Amino acid sequence: MSFELVTEIVGHQGDVRSLTALGASTEDTVLITGARDRVVKLWKSRPDGKLFDPVKEIFVHEHWVGALLALPDGSGFVTACQDTVIRRFDTDGNFIGSAKGHTGPVTSLSVDLKTGDLISGSWDGTAKVWKLHDDGTATCIQTLPGHENGVCVLGLPNGTVATGSAGQQAGNAVTGFQIRIWKNGKEIKSLRDHESAVRSLALSNDQQSFFSSSNDGSVRQYSLKGELLHTMRNPVQINGSVGFCFSVTTSVNGEILTGNDDCCVRVWAGEDLIQEIWHPCTVWCVYPLPNGDIATAGSDGIVRVFTRDKNRQAADMVREYYKTETQKVLEEIANKQSGGRGIDVSKLKKIEDAQPGTKDGDIKMFSNDGKAFVYQWSGVSQTWVAVGEALGSAEGGGEIDGVTYDKVLPIEIEDPATGGLRKVEIGINNGDNPYVIAQEFAAKYGLPESHVHDIVQYINQNRGGASGTPMIDMSAGQETAPMQVDEGPRDAQTNQFPLLNITGFSFQKAPWDKIMDKIVDDFNKKVADDVKLSLKEIDTLETIVEILKKESRYHASTITKTQTSIFNKLLKWDTDYIFPVLDVARMVLCHPLGAEAFGSDSCRRLLEISMTKASENGAKLPVVLTGIRVLTNVFRHVKGAEFAVDALSTAAGVNSIAAPIKDLTTFPNKSVRNSLATACLNIANAIYHSNQQGTTTNDLLSLIGDSAIELASIAIENKEEETTRRCLAAVGCLLKIIPSGSISQLQGTLDNAEKFAEPSSSLKTCIDEVRIEVSKR
């Protein structure tokens, strides 16, 4: 019997990266989820196992949570975080203690089955063994060094430890990935069967063997001594690529379960693939529940539960709807990857002239009867096996550093602290493994490992034709952060506009070391003496920054009026020196008590100075960008949004805060356009939610509407999808407020936007929603 959908658990605001569960039956199961939003959530199963209710949210993690482990003794669970810390919790989710010692993100957890000691793997290239104490503390009793970057771990029942490594950059290749077996802290065996990074390890149900998953798209089964027993490979996709296998585990019945980047969970019985469970997103991991059901963690922030028990399956209509919607997403992905039949077949070798493959599973493209086909080398039959007709495109090819590629895609790397925006390119060839390409690209430009998955998604989405240039925000230095740099309201948003409440989008990453170096070590020495910071004032500023660094502790920290009074002096700095000051100010507004600490008058003055400086003739990019982002971030919390609406309700506020938006619409920078669009949306949304007070002016509404439409036109020319969407969402909010008026220019903007909007994209949805508002007029 096949697994079928039970329910979807929605609550996270980022990729769900890890799962575990407490309890031994349906009635007492507590599912635990960890995500990129830095939150761990506990969900209690209802007695029938059909639904899960939220019972606890844990906010103590400084970065996203990459691994979870339920302790075998039933005492609670452990989390592994990108902030290098391992944390321990009791069964109710109460914090017990932490283990510190890794110097890189912790990504894997296991236990020594004989001693009960905790085992951890990290991107610092080590595995560590920890003794857990009753008082919540932990002592590192062993370090297993020498791994190639990321490490996954597994305690084996014979007292040995297995570890897998992600490999390291060597020229244009990633090498060194392998599985090691350790005994008493010493490496006793190395297994090099995989052809790419080893991602996870899992024990078989009978504890007589273990499994490994890899970016090469395979799962391999080994004896406890390291003898290779079986190999299971993901099917080759029609474009010639193979999905990376991110995780492996086993069901309660002993079947092998894998989570893959090709949107599929695969169920294996030995080497036989018995079911594919398709998802509308990448599946990071799979976890078996005590009652035989399985839970999956998706890159769309949703946890899904599947069952073979007909009594727990969702209604037929719900399951069919899920499958239909999933199929739509998969078809859209396939269409983007195919990109038309533009391959130059004349340059391909004929299949009858093909040389033998170098290894089992090799993928190559050959000409067959005048058409391009993808073939896979079979080591067993010693023949090339046709996978399917190739659908890759030759369009968009080019050279990078003298090397020719089938496809060259643009990427922009932004650093708001310096104002830099590097325009670089990434090259791919038909049949390339996009994960390897992304790893090489990240290493070349010094990007954090956390960006690799985003780059892979960009490659997969644009094999057939780029639909816009992504911008990697490096404003957080080497912090882990997804490509998406801004955050909006945290509840579920079903429509494009208005947003759920008066709060809006904000930019919440800051390169603190660079900012403080600029302020304290550089600019404070150059400004006039009467605005120079004293040592005591520098201490105050450093205290503010330390509070702002600890985002997960915002709920327990305070920023005071006394502390923010330091900005009375800082905001008098000359335009050339003010951008790091504005950077700190925008981050203060992200703190729940930040706007309140400024107060209404000081908040208004901050907005006026920020936008005045940003719109000065000749203002440099860092000043422009940070000035606008002060305006966007004031809407992060309710009090700041209310202060902003009050400030904009006066003629002076319109002239000094809103008018500069229109002046800046032609500023030639993508980051600035995105920030301006965000400001327009935040203002329009806040006006919508507060308009019943009748305090806004027609001048303000007209100015924001005109700015949004003009900015959308420029964004459309540059194929900037998200900037366009936010502009149109701002206009949509205003249309709900103003029942009449000229919309001729808007019609043309909508038509132009629709020309490059993907059929099921957020932009297309927004366009449709704006047209509905227009039809009401």
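Here the structure is a predicted model, which is why all the values come from computation and not from measurement. (Residues numbered from 1 in each chain as written. Predicted model: local features only at pLDDT ≥ 70, side-chain atom pairs only at ≥ 80, totals over all residues. Heavy atoms only, no water.)

Draft legend 1. Highlighting the overall build of the chain. When you go through the chain residue by residue, the secondary structure sums to 18 helices and 40 strands. For the chain, the proportion of its 777 residues judged to be buried stands at 57%. Of the contacts formed within the chain by residues at least 6 apart in sequence, a portion of 55% connects residues at least 24 apart. Summing over all exposed atoms, the chain offers an accessible surface of approximately 30,900 Å²; the carbon and sulfur share of this is 48%. (Helix = DSSP H or I, 4+ residues; strand = E, 2+ residues; numbered from the N terminus. Buried < 20%, exposed > 50% of the residue type's maximum accessible area, 1.4 Å probe, protein only. Contact = heavy atoms within 4.5 Å. Areas by Shrake-Rupley, 256 points an atom, 1.4 Å probe, with all protein chains shown as cover.)

Draft legend 2. Highlighting the packing of aromatic side chains. Enumeration over the complete set of coordinates arrives at 9 aromatic pairs. Between Phe244 and Phe246, the aromatic rings sit 6.4 Å apart at their centres with planes inclined by 45°, giving tilted as the arrangement. By the burial criterion, Phe244 is buried, and Phe246 matches it. Ring pairs connect the aromatic residues Phe77, Phe89 and Phe95, which therefore count as one cluster. Directly above the aromatic system of Trp284 lies the positively charged group of Arg17, at a separation of 3.5 Å from the ring centroid. Over the ring of Trp64 we find Arg36, and its NZ or CZ is 5.3 Å from the ring centre. (Phe/Tyr/Trp six-rings, centres within 6.5 Å; stacked < 30°, edge-to-face > 60°. Lys NZ or Arg CZ within 6 Å of the ring centre and 35° of its normal.)

Draft legend 3. Broad picture of the sheet that holds strand S19 (residues 186-191). Strand order in the open sheet made by the 4 strands is S14-S15-S18-S19, with antiparallel pairing throughout. Strands at the two margins of the open sheet, each flanked by one partner only, are strand S14 (151-155) and S19. For this sheet, the mean inter-axis angle between neighbouring strands, taken without regard to orientation, is 25°. Both S14 and strand S15 (residues 161-165) contribute to a ladder of 5 bridges, which runs antiparallel. (Pairing = 2+ DSSP bridges. Axes fitted to C-alpha atoms, helices over the stretch in contact; angles between N-to-C directions.)

Draft legend 4. Structural view of the pattern of salt bridges. What the rule picks out here adds up to 38 salt bridges. Glu8 is paired through a salt bridge with Arg304; the nearest N and O atoms lie 2.9 Å apart. Note that Glu8 is positioned in strand S1 (residues 4-10) and Arg304 in strand S30 (residues 302-307), a separation of 296 residues in sequence. Put simply, Lys518 and Asp522 hold a salt bridge, and the shortest N to O gap is 3.7 Å. Here the residue Lys518 and the residue Asp522 both occupy positions in helix H4 (residues 512-522), the gap between them amounting to 4 residues, near one helical turn. Residues participating in the shared-partner salt-bridge network are Asp751, Glu754, Lys764, Asp768 and Arg771. (Salt bridge = Lys/Arg side-chain N within 4 Å of Asp/Glu carboxyl O.)

Draft legend 5. Focus on the sheet that holds strand S7 (residues 77-81). Spatial strand order, S6-S7-S8-S9: 4 strands in an open sheet with antiparallel pairing. Pairing within the sheet leaves two strands with one partner each, and these edge strands are strand S6 (65-70) and strand S9 (95-100). Between one strand axis and the next, the sheet turns by 20° as a mean value, whatever way the strands run.

Draft legend 6. View of the packing of H4 against helix H8 (residues 579-588). Relative orientation of the contacting elements H4 and H8 amounts to 135°, with a least axis distance of 9 Å. Here H8 runs oblique to H4, going by the angle between their axes. Read as a crossing pair, H4 and H8 show a hand that is left-handed. Across the interface between the two elements, Trp512, Ile515, Lys518 and Ile519 from H4 touch Pro580, Val581, Asp583, Val584 and Met587 from H8. (Parallel < 35°, antiparallel > 145°, perpendicular 65-115°, else oblique. Left-handed = near helix turned anticlockwise from the far one by under 90°.)

Draft legend 7. Structural context of the environment of Leu589. Position of Leu589 relative to the elements: it lies in the loop between H8 and helix H9 (594-598). Between the C-alpha atoms of Leu589 and Val634, which are 45 residues apart in sequence, the distance is 5.5 Å. With residues near it in sequence (within four places) discarded, Leu589 still touches Ala595, Phe598, Cys603, Leu606, Val630, Asn633, Val634, Arg636 and His637.

Draft legend 8. Just the environment of Pro105, in detail. Assignment of secondary structure puts Pro105 in the loop between S9 and strand S10 (106-111). As for Pro105 and Trp123, which are separated by 18 residues in sequence, their C-alpha atoms are 5.4 Å apart. Discounting chain neighbours no more than four positions away, the residues touching Pro105 are Cys81, Gln82, Thr84, Gly121, Ser122 and Trp123.

Draft legend 9. Structural view of the pairing of strand S5 (residues 52-58). Pairing of strand S4 (residues 40-45) with S5 involves 6 bridges; the strand directions are antiparallel. Opposite Lys41, over in S5, you have Glu57 as the bridge partner. Counted along the chain from S4 to the antiparallel partner S5, the turn is 6 residues long, and its residue Gly49 has a positive phi close to 75°.

Draft legend 10. Expanded view of the pairing of S19. As defined by bridge partners, strand S18 (residues 179-183) adjoins S19 across 5 bridges and the pair is classed as antiparallel. Opposite Ile181, over in S19, you have Lys189 as the bridge partner. Where S18 hands over to S19, the hairpin turn is made up of 2 residues, of which Asn184 adopts a positive phi near 55°.

Draft legend 11. Structural view of the confidence of the model for the chain. Scored by pLDDT, the chain has a mean of 85; 81% of the residues are at 70 or more. Counting interchain partners and residues more than four positions distant, the pLDDT-below-50 stretch residues 391-395 has 25 contacts. Taken together, the stretch residues 415-420 has pLDDT below 50 and engages in 19 contacts with residues farther than four places along the chain or on a different chain. (pLDDT = per-residue confidence, 0-100.)

Draft legend 12. Quick look at the nonpolar core. Membership of the largest hydrophobic core comes to 105 residues, with the highest contact counts inside it found for Phe567, Ile704 and Leu728. When residues in this core are grouped by element, the largest group, 10 residues, is from helix H14 (residues 670-690). Among all residues touching Phe567, those that are not within four sequence positions of it are Val581, Val584, Ala585, Val588, Phe598 and Arg605. Residues Phe244, Val424, Ile428 and Ile455 belong to the second largest nonpolar core, which totals 16 residues. (Core = buried A, V, L, I, M, F, W, Y, C linked by side-chain atoms within 4.5 Å.)

Draft legend 13. Focus on the side chain of Asp262. Relative to the helices and strands, Asp262 resides in the loop between strand S25 (256-260) and strand S26 (264-269). Taking relative accessible area as the criterion, Asp262 reaches 9% and is therefore assigned buried. Here the side chain of Asp262 touches Arg266 through a polar contact of 2.9 Å, side chain to side chain. (Polar contact = N/O pair within 3.5 Å; in protein donor to acceptor, adjacent residues only side chain to side chain.)

Draft legend 14. The arrangement of unusual backbone geometry in detail. For the bond running from Phe497 to Pro498, omega is -15°, close enough to zero to count as cis. Checked against the element boundaries, Pro498 lands in the loop between strand S39 (486-487) and strand S40 (506-507). In this model, Thr84 sits at a positive phi of 80°, which is unusual for a non-glycine residue. Here Thr84 lies in the loop between S7 and strand S8 (85-89). Phi is positive for Asn184, close to 55°, though the residue is something other than glycine. With respect to the helices and strands, Asn184 occurs in the loop between S18 and S19. According to the relative accessible area criterion, Asn184 is exposed, its value standing at 68%.

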